[in-house]
Amino acid sequence: MKNTLFTLMALCMALPLSGHSQNSDSLNIAGDQSASMNKLDDLMGRAQKRLSYIMTNLGELSDNNDANNNFDKFKENLEDLVGIRSDIKDRAERVRELQGQRIAAWTKEVSGMTDKDMRKLTNDQIDAAKADFDALDKQMREVGGDANDLTALLQDLQKYYASSFSPDSIKTSQPMVQKALAAAQEMLKDTDALRDSINKSKKKVKGTAGGA
Amino acid sequence: MKTLLRLALATLLALPGTVLRAESLDKLIPDCAEILGRMKREDILNMDLVKEAKGIVILNVTGFSIGIGGSGGDGILMSKTDKGWSGPVAITTDGGTLGIDVGGTDNDIVILLMNNGAVSKWAAGEHFGSSSASAVMGPKGGAAVDATMKTRDFNVYIWNKGAKLGVNFGGFDVNINNEGNANYYDRPLISAKDILNHVAEVPESKKAAMARIYDLLK
């Protein structure tokens, strides 16, 4: 009986240290935002993989290697890519939404502080968090804009081949294929850079949540 | 009937170790780029040491319960010469304990090959005994690189859903995926040596997709 009481007491004493309920609203939202950024990163990885397959399909198609099969695979991969891009847009919007909620909650928490210096210190942290996310958001929008252009070009190529698919039409389309391949290569590189930024930003967001 | 059942059972048991591997290079390249990108992003891989390496192996190794399928890996091998990084050689690994501490897990592995001898051993598709090579965990990204790290055969990096595993390296076979290489380079008799020595270059139609790996290695 004594042992049970001791165990219960020890558990009660440990609770406030481990309990999530001790976190402020802003810190809880930071946890959600960080998890959402993880999902965004995962989706971007999937999109990069799909784009790589598309690049191979286009390359093979241009060389007239099993052109019909490669065109079919190109269509499938493009359809998948469009689907993943839609998920990325939704997820990016969710990350932005959570950023807004986090800053709002944090600002509200600061307004409850009485010490002027303490308020300034926290407001400076909020400003830094805003600036950091604004830079990331700018990068996300730039890559997103380029991704829109690239997807539109790939869809145009699909329409072109759907209406005219022959060795001659494939040859004629080469300047556009090369344009798409160069843009795709740049997109893979830019996405790697963006994922790097997301990762760094996520760590800062998580840092405010008390975790590394 | 009994024989048929036994055969079916044997096939099922063998499945994890064999059928899931030997991917085409077209599929392996994006997978390996993802492994490399993650290790770079998470600051796991030491890029100063990458500059010193003579070769690199990027693998996904899946472990299964001991006695059933052993462990199997699928990935690429590349060398670095005066001409830069070579094209990819498709490889598989069988058995042993390449980074596997616990059965039934996925491990992403990057191995920096620090001398030409180590590259040749991998290219020859050798068996690596448990004491056949000096291999330790490579230094983390940003850490200072010292002479011992440059002179050992391998620096190994392992990623397992965020957990760092100790190096458990040895007792495995390296196999060159000749069929995968022949299909990718469109040359039926291509050898790993030809690829690693730049005798065979990445085909024009595959260059754009391969560029991501080269970019990540910078």
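Residues numbered from 1 in each chain as written. Chains lettered and ligands numbered in written order. Predicted model: local features only at pLDDT ≥ 70, side-chain atom pairs only at ≥ 80, totals over all residues.

1. Some details on the pairing of strand β4 (residues 89–94) of chain B
Residues and elements named next belong to chain B.
Stage number 1. Most of β4 is tucked away, with five of its six residues classed as buried.
Stage number 2. Pairing of β4 with strand β9 (residues 172–176), which is carried by four bridges, proceeds in the antiparallel orientation. Directly across from T92, in β9, lies its bridge partner N175. (Buried ≥ 20, exposed ≤ 12 C-beta atoms within 10 Å, placed from the backbone. Helix = DSSP H or I, 4+ residues; strand = E, 2+ residues; numbered from the N terminus. Pairing = 2+ DSSP bridges.)

2. Some words on the environment of A152 of chain A
Stage number 1. Secondary-structure assignment places A152 of chain A in helix α4 (residues 116–163).
Stage number 2. Sequence spacing of A152 of chain A and S173 of chain A is 21 residues, and the spatial spacing of their C-alpha atoms is 15 Å.

3. A short note on the pairing of β9 of chain B
Walk down a regular strand and you will see the side chains alternate between the two sheet faces.
Residues and elements named next belong to chain B.
Stage number 1. A one-sided burial pattern is seen for β9, the buried positions being F172, V174 and I176 and the unburied ones D173 and N175.
Stage number 2. Across two bridges, the pairing between strand β6 (residues 127–128) and β9 is antiparallel. Its bridge partner lying in β9, F128 is registered against F172.

4. Quick notes on the confidence of the model for chain B
All names here are of chain B.
Stage number 1. Of the residues in chain B, 71% reach a pLDDT of 70 or more, and the chain-wide mean stands at 79.
Stage number 2. Across residues 7–20 the pLDDT falls below 50, and counting only partners more than four positions away or on other chains, this stretch makes eleven contacts in the model.
Stage number 3. Below a pLDDT of 50 lies the segment residues 100–104, which in the model reaches 15 contacts outside its immediate sequence neighbourhood of four places, other chains included.
Stage number 4. Model confidence for the complex: the whole-complex pTM is 0.83, and ipTM, which rates the interface, is 0.81. (pLDDT = per-residue confidence, 0-100. Contact = placed C-beta atoms within 7 Å.)

5. Here's the deal with the interface of chain B and chain A
Stage number 1. Across the boundary between the two partners, chain B contributes 14 residues, which contact 20 residues of chain A.
Stage number 2. Mapped by element, the contributors of at least two residues to the side of chain B that touches chain A are α2 (25–41) and α8 (204–216) of chain B.
Stage number 3. The leading source of residues in the side of chain B that touches chain A is α8 of chain B, at eight residues.
Stage number 4. In terms of residue class, the side of chain B that touches chain A is made up of six nonpolar, two polar and six charged. (Nonpolar A, V, L, I, M, F, W, Y, C, P; charged D, E, K, R; others polar.)

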